[in-house]
Amino acid sequence: MFNLVLFGPPGSGKGTQSISIIEKYKLIHVSTGDLLRNEVSNETPLGLEAKKYMDLGMLVPDEVVIGMISTKLDENTEANGFIFDGFPRTVAQAEALDNLLEFKNNPITVVLSLKVSENELKKRLISRGEVSGRSDDNEEVIAKRIKEYHAKTAPVSDYYKHKDKLVEINGEGEVSDVFNLISNQIDTFIIA
Ligand code: AP5
Ligand code: MG
């Protein structure tokens, strides 16, 4: 089993690259952002609670997202592997994920960290905001999301660095060039 964490700040291309990765390597895509937006649009109790945080650009409480991940893993017991996109986002989430995967005897294989400059992140998210309809793609909320990233999510990369699982990828440049860099890394672990 191959378990990949695609790590990076808001706008670094996690969602974009996940689409090509799941297609090539037949992995199950687990995006907490997508799962949460789905709950919001279905107006579930979880969604209504999560929306308060998302609209402000703040992280949703750990127990909410950890519960969603646990359900998703249980629903896909036959998977070749998972790609975690936008999760884990705090050290507590990373520890919880390790515990869930250890229980299933399939630890995280590698963490690919997309590096993109802050100016480029803002530029990408502002222009996506013009078409996406996402409630958090406006200048004020983007700034808050990037601040949350530095305060709570950046430490997750140290967590994986200490475990020797972190590989940095240049996330700037053409989407296809970034995908080639990612594929080269994945291919050191599995052959598609
Ligand atoms: P989430 O949905 O995860 O959003 P995010 O991390 O802020 O990241 P984005 O989805 O905006 O960016 P991305 O890296 O996927 O980039 P993308 O490929 O779209 O989270 C939203 C909210 O949900 C959070 O704020 C929080 O409230 C909550 N949440 C989610 N997970 C949580 C968790 N685990 N714990 C707690 N709360 C959680 O690309 C961005 C744009 O750039 C696109 O328009 C794309 O076309 C473009 N682009 C991509 N690559 C390139 C390239 N190489 N060159 C030019 N443009 C590019
Ligand atoms: Mg995304």
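Now for a look at the structure at hand. (Residues numbered from 1 in each chain as written. Chains lettered and ligands numbered in written order. Predicted model: local features only at pLDDT ≥ 70, side-chain atom pairs only at ≥ 80, totals over all residues. Heavy atoms only, no water.)

The next point concerns the pairing of strand S1 (residues 2-7). Taken across its 6 residues, S1 has 6 buried, putting it largely inside the fold. The side-chain alternation of S1 yields two buried faces, one formed by Phe2, Leu4 and Leu6 and the other by Asn3, Val5 and Phe7. Bridging between S1 and strand S3 (residues 81-85) involves 5 bridges; their strand directions are parallel. Across the sheet, the residue bridging to Phe2 is Gly81, located in S3. (Buried < 20%, exposed > 50% of the residue type's maximum accessible area, 1.4 Å probe, protein only. Helix = DSSP H or I, 4+ residues; strand = E, 2+ residues; numbered from the N terminus. Pairing = 2+ DSSP bridges.)

To continue, consider helix H8 (residues 175-187). With 13 residues, H8 extends 18 Å between its outermost C-alpha atoms, agreeing within 8% with the 18 Å of an ideal straight helix rising 1.5 Å per residue. Residues of H8 that are buried: Val178, Phe179, Ile182, Ser183 and Ile186. With its buried residues spanning 140 degrees around the axis, H8 presents them on a single face. Next to the buried residues of H8 lie S1, helix H1 (14-25), strand S4 (110-115) and strand S5 (166-170). (Expected span 1.5 Å × (residues − 1). Arc of directions from axis to C-beta. Contact = heavy atoms within 4.5 Å.)

So, on to the site of ligand 1. With respect to spatial proximity, 31 residues lie near ligand 1, and among them Thr16, Thr32, Met58, Arg128 and Arg145 are the closest. Between ligand 1 and the protein, one listed contact pairs an oxygen atom with a side-chain N or O atom of Arg37 at 2.8 Å. Considering every element that reaches the shell around ligand 1, the biggest residue donor is helix H2 (residues 32-41), with 4 residues. Across the shell around ligand 1, the residue classes break down as 11 nonpolar, 11 polar and 9 charged. (Near = heavy atom within 4 Å. Polar contact = N/O pair within 3.5 Å; in protein donor to acceptor, adjacent residues only side chain to side chain. Nonpolar A, V, L, I, M, F, W, Y, C, P; charged D, E, K, R; others polar.)

Keep in mind these values describe shape, not function.
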